[in-house]
Amino acid sequence: MNFNTHYQPYPSNRYTQVASKGMVATSQPLAANVGLEILKKGGNAVDAAIATAACLTVVEPTSNGIGSDAFALVWIKEDKHLYGINGSGFAPKEITADKIKGRGFKEMPKYGWLPVMVPGAPATWAALSERFGNLSLEDTLAPAVDYALNGYPVSPVLGYFWKKAFDKYKKLKGIEFEEWFKTFAPISKAPEIGEIVKLKNHSETLKEIGKTNAESFYRGKIADKIDKSSKINGGYLRKEDLENYKVKWVDPISLNYKGYDICEIPPNGQGIVALMGLNMLKGFDFKEKDYYIPITNSLKQ
């Protein structure tokens, strides 16, 4: 290594880590351990990434969800090729701006069924697993299923944001929010820090996604449940939208910044913003950072 591994210019010290057979970095240690577990079972980096992402929907549900988008860049050494996948979802076929305005909204609401788009994450996991994985999607999602079914302790950061979400959701009116409370606040309160949380419904959904290679989510039992709930609660998402969804394999976009090729997913991904920023910085000659702004603790109990 040609840099000082002990240099710590910031108050939040994190020392350089070194590994010979793989490494997993996340915001949650349990999810990182899941990625390592998959590597030890013969999975490759793609399997580990999928397993980690799925586990984060369980152990850090305030920041990650099954009903989300997903993007990935995959370098295949044998092919000497960088693959890109865009797993962002599109809007339901039936929704229009006029329909939303006709229901009394001046802008798209943040909560409820109206802003829900087709989730792309499960299809992205399946596509990556099928094309590049060593393990089946069912085996890859198994650790996340286990944590959801048998429980895990709530971390300090998760406990803070879970309570914050609970306080926000309890102010919302409508039967569409009942399922949120059944899953994430079954005893009518947010779980405490250190408390063991079990998410039975969450485990069943992940298990079904793994067992069917995500087909159930878009064309089967889970899709039927999504369609039914959307109709009951005035949403526009339909099974037809789910059935028509496909992820997109894309060619990454890139630029060279001071001798390094920086690659990102093209729009509608936001990677182009990072490339634009680096392009603007090309004309500057930055020296070693010699000052910092103190970081304050924003997680006030």
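For the structure given in this document, a descriptive report is provided here. As the structure is a computational prediction, the values presented were derived from the model and not from experiment.

Turning to a positive patch on the surface, a few remarks are in order. A cluster of basic side chains, namely K110, K164, K168 and K171, defines a positive patch on the protein surface. Looking at where K110 falls in the secondary structure, it is placed in the loop between α3 (97-102) and α4 (121-132).

For the rest of this paragraph, the subject is the pattern of salt bridges. Tallied over the entire structure, the rule returns 14 salt bridges. E94 is the partner of R238 in a salt bridge, and the nearest nitrogen-oxygen pair spans 4.0 Å. Of this pair, R238 sits in the loop between α10 (221-232) and α11 (239-243) while E94 sits in the loop between β2 (81-87) and α3, placing them 144 residues apart in sequence. According to the relative accessible area criterion, R238 is buried, its value standing at 16%. Under the relative-accessibility criterion, E94 is labelled partly exposed at 36%. Linked by salt bridges that have partners in common, K163, D167 and K170 make up one network.

A separate point is the side chain of T124. Locating T124 in the fold gives a position in helix α4. By relative accessible area, T124 is classed as buried at 1%. Residue contacts for T124: discarding those within four places in its chain leaves A70, I85, G87 and V247.

Right, let's talk about the environment of T212 for a bit. Note that T212 resides in the loop between α8 (200-211) and α9 (215-219). Here E208 takes part through its backbone oxygen, which lies 2.8 Å from a polar atom of the side chain of T212.

This brings us to the packing of aromatic side chains. Under the definition given, this model contains 13 aromatic pairs. Each ring, one from W180 and one from F184, has its centre 5.7 Å from the other, and the planes form 45°; the classification is tilted. In this pair, W180 and F184 are both assigned in helix α7 (residues 178-184), four residues apart and thus about one turn of the helix distant. On the accessibility criterion, F184 (18% relative accessible area) is buried. Members of the aromatic cluster, connected to one another through ring pairs, are Y111, W162, F166, Y169, F177, W180, F181 and F184. The aromatic ring of W249 is capped on one face by R131, whose charged end is 4.5 Å from the ring centroid.

Let's shift gears to a nonpolar patch on the surface. On the surface, a cluster of nonpolar side chains totalling about 400 Å² of accessible area is made up of I272, V273, M276 and M280. Take I272: it is sitting in helix α12 (residues 271-281). On the basis of relative accessibility, which here comes to 32%, the residue I272 falls in the partly exposed class.

Its 12 residues give helix α1 (residues 29-40) an end-to-end C-alpha distance of 16 Å, which sits within 8% of 16 Å, the value for a rise of 1.5 Å per residue. Looking only at α1, the buried set comprises L30, A31, A32, V34, G35 and I38. Here the buried face of α1 lies against α2 (45-59), α5 (137-150) and β3 (152-153). A distance of 2.8 Å separates the backbone nitrogen of L30 from a side-chain oxygen at the start of α1, and that oxygen is part of Q28. Backbone geometry just after α1 places G42 at a positive phi near 100°.

What counts, and at which threshold
Every chain's residues receive numbers from 1 upward, in the order its sequence appears when written. Predicted model: local features are reported for residues with pLDDT of at least 70 only, side-chain atom pairs are reported and counted for 80 or more only, and whole-chain, interface and lining totals are derived from all residues. Derived side-chain values reflect all non-hydrogen atoms in the structure, with water molecules and hydrogen atoms excluded from consideration. Patch definition: residues above 30% relative accessible area lacking any salt bridge, with like charges linked at up to 9 Å and the nonpolar side chains Val, Leu, Ile, Met, Phe, Trp and Tyr linked at up to 5 Å. Working definition of accessibility: Shrake-Rupley area with a 1.4 Å probe, residue cover restricted to the visible protein chains. Salt bridge criterion: a side-chain nitrogen from Lys or Arg within 4 Å of a carboxyl oxygen from Asp or Glu. Two residue types count as positive, namely Lys and Arg, and two as negative, namely Asp and Glu; His and chain ends fall outside the count. The atoms used to mark charge sites are NZ of Lys, CZ of Arg, CG of Asp and CD of Glu. Helix and strand labels come from DSSP, where a helix needs a run of H or I of at least four residues and a strand needs a run of E of at least two; each type is numbered from the N terminus. Only protein chains enter the accessibility calculation, which uses a 1.4 Å probe; a residue is then buried when its area is under 20% of its type maximum, exposed when over 50%, and partly exposed in between. Contacts were defined at the residue level, with two residues in contact if any of their heavy atoms lie within 4.5 Å. Here a polar contact is taken to be a pair of N or O atoms separated by no more than 3.5 Å, where protein atoms must pair a possible hydrogen donor with a possible acceptor and residues adjacent in sequence count only if both atoms sit in side chains. What counts as a ring pair is set by centres within 6.5 Å for rings of Phe, Tyr and Trp (its six-membered ring), and what kind of pair is set by the plane angle: stacked under 30 degrees, edge-to-face over 60, tilted for all other angles. Comment: the charge-over-ring label is applied if NZ (Lys) or CZ (Arg) is within 6 Å of the ring centre and within 35 degrees of the ring normal. A helix's residues, less one, multiplied by 1.5 Å, set its expected span.

The values reported here are purely geometric and, on their own, carry no functional implication.
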